[in-house]
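# Report on the structure
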Amino acid sequence: MLGWGVEFLRAEMNRLLALLFHQGVLDEQFLQLQQLQDESSPNFVSEVITIYFHESEKLLRNLRLLLMERELSDYKKMEIHLNQMMGSSSSIGAKRVRNVCVAFRAASEQNNHAGCLRALELLEHEYCYLKNKLHELFQIEQQRALASVVRYPARHN
């Protein structure tokens, strides 16, 4: 039964990853990130993703603040934040988040306040979806890791 649990969890991880790739949420860069994880750094991917989420939330907050100052919107600062978000999203394989950043940057380059607001809303939506799905993936991975080391005592009848 123990082996079945580990295999079931591995299948769940693969199913979720396949869904995220099919939806275009992730790209092959995420797989390359996973390949960097090994026994010497078993939490490498989750640690990198945690840093990504922490930094992205600051960038999203800064973008929101810049857009709230309707008359004073600093589009050059927005572009700097968007370039940072695009780069970090690309480096972890967050394809849809990166693509929304590209559209957001285009609206920013045109000083299109309404377009920037729509893009920010979409960016926050895509970011939350990514965060929830990767959190789900890491929970399954953690359960699988625990299931693979749990040993039950032999039963003596």
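Residues numbered from 1 in each chain as written. Predicted model: local features only at pLDDT ≥ 70, side-chain atom pairs only at ≥ 80, totals over all residues. Heavy atoms only, no water.

The protein chain has the name Histidine-containing phosphotransfer protein in an unreviewed UniProt entry, where Rhodamnia argentea is given as its organism. The annotation that UniProt attaches to the protein chain under Function (unreviewed entry) is "Functions as a two-component phosphorelay mediators between cytokinin sensor histidine kinases and response regulators (B-type ARRs). Plays an important role in propagating cytokinin signal transduction." (UniProt positions renumbered as here; feature names shortened; annotations may be inferred.)

Once that is clear, we can look at the overall build of the protein chain. Secondary structure summary: the protein chain contains six helices and zero strands in total. For the protein chain, the N- to C-terminal ordering of α and β elements is α-α-α-α-α-α. Within the protein chain, the fraction of its 157 residues that count as buried is 36%. Expressed as a percentage of contacts within the protein chain between residues at least 6 apart in sequence, the contacts between residues at least 24 apart total 68%. (Helix = DSSP H or I, 4+ residues; strand = E, 2+ residues; numbered from the N terminus. Buried < 20%, exposed > 50% of the residue type's maximum accessible area, 1.4 Å probe, protein only. Contact = heavy atoms within 4.5 Å.)

Moving on: helix 4 (residues 75-92). Between its terminal C-alpha atoms helix 4 stretches 26 Å, which fits the 26 Å expected from 18 residues at 1.5 Å a residue. Within helix 4 the residues assigned to the buried category are Tyr75, Met78, Glu79, His81, Leu82, Met85, Met86, Ser89 and Ile92. For helix 4, the arc enclosing every buried residue in end-on projection is 165°, short of the 170-degree limit, so these residues lie on one face. Across from the buried face of helix 4, at angles greater than 90 degrees, the exposed residues are Lys76 and Ile80. At its buried positions, helix 4 is contacted by helix 2 (28-35), helix 3 (44-68), helix 5 (95-109) and helix 6 (113-149). Of the residues trailing helix 4, Gly93 is marked for its positive phi of about 90°. (Expected span 1.5 Å × (residues − 1). Arc of directions from axis to C-beta.)

Summarising the element assignment, Ser108 is placed in helix 5. Taking relative accessible area as the criterion, Ser108 reaches 0% and is therefore assigned buried. Beyond its immediate chain neighbours, meaning those up to four positions away, Ser108 contacts Tyr75, Met78, Glu79, Leu82 and Cys116.

Let us now look at the environment of Leu134. Note that Leu134 resides in helix 6. By relative accessible area, Leu134 is classed as buried at 0%. For Leu134 and Leu17, which are 117 residues apart along the polypeptide, the C-alpha to C-alpha distance reads 9.1 Å. Those residues in contact with Leu134 that lie beyond four places of it in its chain are Leu26, Phe30, Ile49 and Phe53.

The biggest cluster of nonpolar side chains holds 42 residues, and the ones touching the most others in it are Ile49, Tyr52, Met85, Phe104, Leu123, Leu130 and Leu134. The set of elements that each furnish at least two residues to this core consists of helix 1 (2-22), helix 2, helix 3, helix 4, helix 5 and helix 6. No other element matches helix 6, which puts 11 residues into this core. Setting aside residues no more than four positions away along its own chain, Met85 makes contact with Tyr52, Ser56, Leu59, Leu60, Val97, Cys101, Leu123 and Tyr127. (Core = buried A, V, L, I, M, F, W, Y, C linked by side-chain atoms within 4.5 Å.)

Even without glycine at this site, Asn111 takes up a positive phi of about 55°. Tracing the sequence through the fold places Asn111 in the loop between helix 5 and helix 6.

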